[in-house]
Amino acid sequence: ATDGSRVPLDRWCQAKYAMEVFAAMLGEQDLMNVYVMSDFDHNEGSNHVTRSDAPPKLTLNGADGQSTNVAKVHDMLTVMGNTPFTSVRKAYQDLLGTDATEKWLVVLTDGDFENVSKSEEKSFFSSKDDSVRVMFFSMGQSASGADGSIDPDDSKNIFYEEALNSSDILSKITGISTRIFNSNRLPDENVTDGKASFDVPMG
């Protein structure tokens, strides 16, 4: 769209689409918490509200099924707000407190974070706990991460992808989902007898 007022809406649609893909990929034992940055820092009338303890906007359980989880994301409503780094910190702390066998912190953003310097942002990700994998997905040319505020490092499980425009979204999300959900790898127990079955017809 050429109307600049549509840009935030378009970016939110892109982020929501990405979350719908993640929701659709959840396995039966997977759990996904969705934190919305506007819950941490937004305007309510003439008052500016900042908080550090907002709960997840959604908690999705893979056992509930693909259609149910995608519908929850699709129907999610939020207010337009800023991009506080507090939301990332809260999601990270909550993730550390879980006993999941594999922990992913997925950060979707289309702008620079508030209340944090570039060096602090970089330091936060580089000093994360080894049990947490980070996928940072930057959407748009002005998003944080595109300016080098995160150092991707496969050996430390810090991954970075960017989509400069809408046409990049699908391919990038597909690649990210493949990495997070290991959808390009068969569990060992499925191949010990030399046989394998696939959810999608390979023809």
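Numbering of residues begins from 1 in every chain and follows the order in which that chain's sequence is written. Where local features are concerned, this predicted model is filtered to residues with pLDDT of at least 70; where side-chain atom pairs are given and counted, the filter is 80 or more; whole-chain, interface and lining totals use all residues. The basis for every side-chain value is the complete set of non-hydrogen atoms in the structure, without hydrogens or water.

A. How the structure looks around the packing of aromatic side chains. Note on aromatic pairs: the rings of Phe, Tyr and Trp (six-membered ring only in Trp) are paired at centre separations within 6.5 Å, and the planes decide the class, stacked below 30 degrees, edge-to-face beyond 60, tilted for the rest. Scanning the entire structure with this criterion turns up nine aromatic pairs. Their ring planes at 75° and their centres at 5.3 Å tell us that Tyr-92 and Phe-124 sit as a pair that is edge-to-face. One end of the pair, Tyr-92, is in helix α3 (residues 86–96); the other, Phe-124, is in helix α4 (residues 118–126), with 32 residues separating them in the sequence. Accessibility classification places Tyr-92 together with Phe-124 in one group, the buried group. Here a set of aromatic residues connected by ring pairs shows up, and it is made of Phe-85, Tyr-92, Phe-113, Phe-124, Phe-125, Phe-136 and Tyr-160. Over the ring of Phe-159 we find Arg-179, and its NZ or CZ is 4.2 Å from the ring centre. Runs of E in the DSSP output that reach at least two residues are strands. Runs of H or I that reach at least four are helices, and both are numbered from the N terminus. The classification of residues rests on relative accessible area computed with a 1.4 Å probe and restricted to protein chains. Under 20% of the type maximum is buried, over 50% is exposed, and intermediate values are partly exposed. Charge over a ring is defined by NZ of Lys or CZ of Arg lying within 6 Å of the ring centre and within 35 degrees of the ring normal.

B. A look at the pattern of salt bridges. One speaks of a salt bridge when a side-chain nitrogen belonging to Lys or Arg is within 4 Å of a carboxyl oxygen belonging to Asp or Glu. For the coordinates displayed, the defined rule picks out six salt bridges. Between Asp-39 and Lys-57 there is a salt bridge, with the nearest N and O atoms lying 3.3 Å from each other. With Asp-39 in the loop between β1 (31–34) and β2 (41–44) and Lys-57 in the loop between β3 (47–50) and β4 (58–61), this pair connects stretches of sequence that are 18 residues apart. A relative accessible area of 31% means that Lys-57 is categorised as partly exposed.

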